[in-house]
Amino acid sequence: MRFSIVNIGYDQQQVDSCLNELGIRLSRLAARAEGVAAAGREWDEIREEAAGLCGVLQRLDLGESTRPDGVAEREAAELLVRARLELDSAREEARQVRKQVYAEAVQARRDFEAALYARQCRAARADEILGGLTGPVPADTPTAASAAAPGRAPG
């Protein structure tokens, strides 16, 4: 993040724009995290479905089948192995996405907090500067208004 430097700090519009962008990015990351959580639930449903199908295969009486003994069991075991591999792969992918989303959220929060801190420092500095100017102005001090008044000579 880079901001243009003006008389009393950074350009307020740029800082506000940056803070708005960070807020949007945080919202998007939250939405992605929700999507990852939903994907995790879907993989749990797939795992349950695969386990249910394995149970169905185990309950079937394949002795009267036209296949030789053990072929159906081998095919079922192969399907189960493939399903487990796909499930493990999906879990790893979901873990990686969660890790990336978390890292992006942490970075976005750090950026947001840094920008907010900088803004607070500028506001405090502006208050400090403006607070020192509250004393009364002597009556004989020439001002732009008195110089522009018609019929009056500059003091």
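Engineer: Looking at this model, I keep getting lost on the overall build of the protein. Mind explaining?
Structural biologist: For the protein, the helix and strand inventory stands at three helices and two strands. Counting from the amino terminus, the protein carries its helices and strands in the arrangement β-β-α-α-α. Taken across its 155 residues, the protein has 14% of its residues classed as buried. Taking all contacts inside the protein whose residues are at least 6 apart in sequence as the whole, residues at least 24 apart take part in 74%.

Engineer: What exactly am I supposed to notice about the side chain of D111 here?
Structural biologist: Positionally, D111 belongs in helix α2 (residues 71-131). No salt bridge is formed by the buried D111, whose closest oppositely charged neighbour, R25, lies at an N-O distance of 4.5 Å. There is a polar contact of 2.8 Å between the side chain of D111 and the side chain of Q107.

Engineer: Help me understand the pattern of salt bridges, please; the structure alone is not making it clear to me.
Structural biologist: Pairing between side chains of opposite charge can happen when the charged atoms of each approach one another. Taken as a whole and judged by the stated rule, the model has three salt bridges. With its nearest N and O atoms 2.6 Å apart, the salt bridge here joins E92 to R95. Of this pair, E92 and R95 both sit in helix α2, three residues apart, which is roughly one turn of that helix. Judged by its relative accessible area of 36%, E92 falls in the partly exposed class. The exposure class assigned to R95 is partly exposed, which follows from its relative accessible area of 37%. With a shortest N-O distance of 2.6 Å, R125 and E128 are connected by a salt bridge. Of the two residues, R125 and E128 both sit in helix α2, three residues apart, roughly one turn of that helix.

Engineer: Teacher, can you tell me more about a nonpolar patch on the surface here?
Structural biologist: A contiguous nonpolar patch, built from I8, I129 and L130 and spanning about 280 Å² of accessible area, is present on the exposed surface. Position of L130 among the secondary structure elements: in helix α2.

Engineer: Whenever I open this one, the environment of W43 confuses me. Can you help?
Structural biologist: As for its position among the elements, W43 is in helix α1 (residues 12-59). With relative accessibility at 29%, the residue W43 sits in the partly exposed group. Each C-alpha atom, one on W43 and one on D88, is 9.6 Å from the other, the two residues being 45 residues apart in sequence. Apart from the residues lying within four places of it in its own chain, the contact partners of W43 are L87 and A90.

Engineer: Help me understand α2 in this model?
Structural biologist: Owing to its 3.6 residues per turn, the α-helix brings residues three or four apart onto one side. Taking 1.5 Å as the rise per residue, α2 with 61 residues should run 90 Å; its terminal C-alpha atoms sit 88 Å apart, in good agreement. Along α2, the positions that sit buried rather than exposed are V71, A72, A76, L87, A90, A94, V101, A108, D111, A115, R122 and A126.

Engineer: Help me out: how do you make sense of the environment of Q12 in this one?
Structural biologist: As for its position among the elements, Q12 is in helix α1. Every residue in contact with Q12, bar those within four places of it in the chain, is listed here: R119 and R122.

Engineer: Just to check I follow, could you spell out the confidence of the model for the protein for this structure?
Structural biologist: Any residue range with low pLDDT should be treated as having predicted coordinates unsuitable for detailed reading. When pLDDT is averaged across the protein, the result is 76; 70% of the residues are at 70 or more. Taken element by element, the protein is modelled with least confidence in helix α3 (residues 144-148), mean pLDDT 63, and with most confidence in α2, mean pLDDT 87.

Calculation criteria
- Residue numbers restart at each chain and count upward from 1, following the sequence in its written direction.
- Local features are withheld for residues below a pLDDT of 70 in this predicted model, meaning they are given only at 70 or higher, and side-chain atom pairs are given and counted only at 80 or more; totals for whole chains, interfaces and linings count all residues.
- Processing note: side-chain calculations cover all non-hydrogen atoms of the structure and skip hydrogens and water entirely.
- Every helix listed is a DSSP run of H or I at least four residues long, and every strand listed is a run of E at least two residues long, numbered separately from the N terminus.
- Only protein chains enter the calculation, and the probe is 1.4 Å; a residue is then buried if its accessible area is under 20% of its type maximum, exposed if over 50%, and partly exposed in between.
- Should any heavy atoms of two residues lie within 4.5 Å, those residues are considered in contact.
- Counting rule applied: Lys, Arg positive; Asp, Glu negative; His and chain ends not counted.
- A carboxyl oxygen of Asp or Glu within 4 Å of a side-chain nitrogen of Lys or Arg is what we treat as a salt bridge.
- Each polar contact in these results corresponds to two N or O atoms within 3.5 Å; when the atoms are within protein, one needs to be able to donate a hydrogen and the other to accept it, and residues that are neighboring in sequence are counted only if both atoms are side-chain atoms.
- Like charges are joined within 9 Å and nonpolar side chains (Val, Leu, Ile, Met, Phe, Trp, Tyr) within 5 Å, but only among residues with over 30% relative accessible area and no salt bridge; these make up the patches.
- Each accessible area is a Shrake-Rupley estimate made with a 1.4 Å probe; only the visible protein chains count as cover when residues are assessed.
- Here the expected span of a helix is defined as 1.5 Å times the quantity of residues minus one.
- Values of pLDDT, which run from 0 to 100, indicate the predictor's confidence residue by residue.

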